[in-house]
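Structural features, examined
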Amino acid sequence: DLRGQIGPITLSSYLFNASGPRCTTEQELIKLGRSRSAAVMTKSCTLAPRAGNAEPRYRALPLGAIQSMGLPNLGYQAYLEMLPRLKQVGKPVVISISGLSLADNTTMVSAFMASSADLLEINFSCPNIEGKPQLGYDLTQTRQALDTLCTLGDKPIGLKLPPYFDMAHFDAMADLLQQYPIAFVTCVNSVGNTLVIDPETETAMIRPKGGFGGLCGDYIKPIGLANVRAFRQRLPQRIDVIGVGGIKTGTDAFEYLLAGASAVQIATCYEEEGTSCFDRIERELGQLLQRKGYASIAQAKGQLKTL
Ligand code: DHB
């Protein structure tokens, strides 16, 4: 039994796409619907359509990628309008929402609460919009946002969190989150505002923000694992933890399972490989669990041993 779980929703597998790569247009989302991805997750939407930041804004690196896309998306009304067609593929649709203000998030969450979306993932951690700090690094703003957003409807909502790097920050955020009726947290977004330099050309790898951008892929797997583990240890069982960050093999997915993830999302590997990553990683995870004598996801979940 390789099924994943997000709140009240059982997934057909443990793996689906992360918000970010190849999930902006209806064509991309329908393709995800026909793949082995256990759900269809949309690119984070804003109130108005956005072209995103100047190019180059994504660079593949030896062990991952750096990106500062700047929220290119079709605007939330386009996703509302295509939802009935996305639902026809017969799997859960998760809408990622990334308003540039609490008022924008309120408008969009209200609209999707009245739609056929299955789950909402509210993005508190986009690092790439100049002048807009990551909400998840500000406890007061996070509380204010949740006070409003948790009253807008009954659909399960989750939060996409930035990575934290201090035990006091895990404690403070987990203590805050458990006061709200959220169904899941997704850990982690890219590690924000990193800088990768090409020493030959003496330039930054990407154009936006003078080269500062979100670090993705293998580089951030230990950070993702730590965040999943830390939140799983601190949050009540009613809140699922979804893992993301550097998953490109069945072994990577298994490590997130040991850390306590109820399901995992694939971003950089999906960008680089396309939809075949979902079948491949699912198969690899199945073989690994069988070899280790685990009969289900539930049996191995959170079973990390400490020394
Ligand atoms: C973008 C990047 C993120 O890490 C995120 O959470 C949302 C949007 C972007 O640059 O498009």
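This one's a predicted model, so the numbers in the text were calculated from it and none came from an experiment.

Our focus in this paragraph is the pairing of strand β16 (residues 263-266). The two faces of β16 match: Ala263 and Gln265 on one face and Val264 and Ile266 on the other face are all buried. Pairing geometry for strand β3 (residues 15-17) and β16, over 3 bridges, is parallel. Looking at the pairing, Asn17 lines up with Ile266 of β16. Pairing between strand β15 (residues 240-244) and β16: 3 bridges, direction parallel. Bridged to Val244 within β16 is Gln265. Each parallel crossover has a hand, and for β15 linked through helix α7 (residues 250-259) to β16 it is right-handed.

Moving on, we come to the pattern of salt bridges. Tallying each qualifying case throughout the model produces 12 salt bridges. The partner of Asp218 in a salt bridge is Lys248, and the shortest N-O contact between them spans 2.9 Å. With Asp218 in the loop between β14 (212-216) and α6 (221-234) and Lys248 in the loop between β15 and α7, this residue pair connects regions lying 30 residues apart in the sequence. A relative accessible area of 37% means that Lys248 is categorised as partly exposed. Where salt bridges share partners, they join Glu26, Glu81 and Arg85 into one cluster.

Conventions and cut-offs
- Throughout, residues of each chain are indexed from 1 in the direction in which the sequence is written.
- In view of the model being predicted, local features appear only for residues whose pLDDT reaches at least 70, and side-chain atom pairs are presented and counted only at 80 or more, with totals across whole chains, interfaces and linings using the full set of residues.
- Each side-chain value is worked out from all heavy atoms of the structure, with water and hydrogens disregarded.
- For the exposure calls, accessible area comes from a 1.4 Å probe over protein chains only, and a residue counts as buried if that area is under 20% of its type's maximum, exposed if over 50%, partly exposed in between.
- Secondary structure counts use DSSP, requiring at least four H or I residues in a row for a helix and at least two E residues in a row for a strand, with both numbered from the N terminus.
- Pairing between strands is defined by DSSP: at least two bridges between the two strands are required.
- Note on handedness: a clockwise path from strand one over the helix to strand two, with the strands aimed away from the viewer, defines a right-handed crossover.
- Definition used for salt bridges: Asp or Glu carboxyl oxygen within 4 Å of a side-chain nitrogen of Lys or Arg.

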